[in-house]
Amino acid sequence: MSEDVSVVVVGSCMTDLVSQAPLLPKAGETIHGHRFFIGFDGKGANQCIQAARMGAKTAMVYKVGRDVFGNDYIQNFKNNGILTAYVEQTEHAATGAASIIVNDTGKMKLVQASRSGAADGSRLMDRSLAAEQTSISVKTIFNPAPAIADLCSDFYKASDVFCCSESEGAGVLAFYMAHYPTMPLEEMARRANFVAVVSVQTVGTQTSFPFQKDLPTR
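Below is a summary of the structure that appears in this document. Note that this is a predicted model, so its numbers are computed, not measured. (Residues numbered from 1 in each chain as written. Predicted model: local features only at pLDDT ≥ 70, side-chain atom pairs only at ≥ 80, totals over all residues. Heavy atoms only, no water.)

Details of the overall build of the protein chain
What the protein chain contains, in helices and strands, is six helices and nine strands. Relative to its 218 residues, the protein chain shows a buried fraction of 40%. (Helix = DSSP H or I, 4+ residues; strand = E, 2+ residues; numbered from the N terminus. Buried < 20%, exposed > 50% of the residue type's maximum accessible area, 1.4 Å probe, protein only.)

What to know about the pattern of salt bridges
If you walk through the whole model with that rule in mind, you get three salt bridges. Notably, a salt bridge pairs Glu187 with Arg190, separated by 2.7 Å at the nearest N-O pair. In this pair, Glu187 and Arg190 both sit in helix 6 (residues 185–199), three residues apart, roughly one turn of the helix. Look at Arg190 and you get partly exposed, because its relative accessible area is 44%. (Salt bridge = Lys/Arg side-chain N within 4 Å of Asp/Glu carboxyl O.)

Quick notes on the side chain of Gln20
Here Gln20 lies in strand 2 (residues 14–20). Residues within four places of Gln20 in sequence aside, it is in contact with Gly33, His34, Arg35, Phe37 and Val102. (Contact = heavy atoms within 4.5 Å.)

Examining the nonpolar core
Ranked by internal contacts, the top residues of the largest apolar core, which has 31 residues, are Cys13, Met54, Met60, Phe77, Ile82 and Tyr176. Apart from residues no more than four positions distant in its own chain, Cys13 is found in contact with Asp41, Gly42, Ala45, Met60, Tyr62, Val64, Tyr73, Phe77, Thr95 and Gly96. One finds Met14, Val18, Ala98 and Val102 within the second-largest nonpolar core, a separate group that totals five residues. (Core = buried A, V, L, I, M, F, W, Y, C linked by side-chain atoms within 4.5 Å.)

So, the sheet that holds strand 6 (residues 96–102)
Here we have four strands laid out as an open sheet, ordered 3-2-6-7, and mixed in their pairing. The sheet terminates laterally at strand 3 (35–41) and strand 7 (108–113), the two strands that pair on one side only. Ignoring which end each strand starts from, the neighbouring axes of this sheet average 15° apart. The pairing of strand 6 with strand 7 spans six bridges and is classified as antiparallel. Looking at the pairing, Ser99 lines up with Val111 of strand 7. (Pairing = 2+ DSSP bridges. Axes fitted to C-alpha atoms, helices over the stretch in contact; angles between N-to-C directions.)

Nothing here speaks to function; it is geometry throughout.
Below is the structure:
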């Protein structure tokens, strides 16, 4: 890496297109909504953002499209102080996006159009680590959501911690593993769960992630 970082994330970046309406539409039905907003999402990006807001120096590894969503996502990383040297852009595929409809009771319908950027990100990660001439010791957290039925079992074998969502919880866990390595894992998990509880009380995904300064000291 061109800079010292304590948390590196290889994972997805998604742009959410969210419409809120009283009811979910039936097939072929058009209804009136009462709110629309665009948000940043993606399991990997969410973990990276939350780790950064906890105070970790973070880097993201992924490939987004050379489009408006991709440009905005890279700027979003920069706005959160995240190293983007290994976030590349391609003209051969679009940045992942999700069309989401949420009704007044919180139920939703979602269509996700993602791309194979994670594989590209892995190759970028391999290249960046190959450039390192010193021996380093790392701990890995693996969040497999959304599940892939035929995922290579080596991913599980190479993971120190297996964490199935919530993505903000994994980001907090990464922060404590990097900055407080002697803290018991149970205490790390307790603190990560607390941050997840705080975040779900606010609308949106990354907009709901708290900064460390906004959390209780204990």
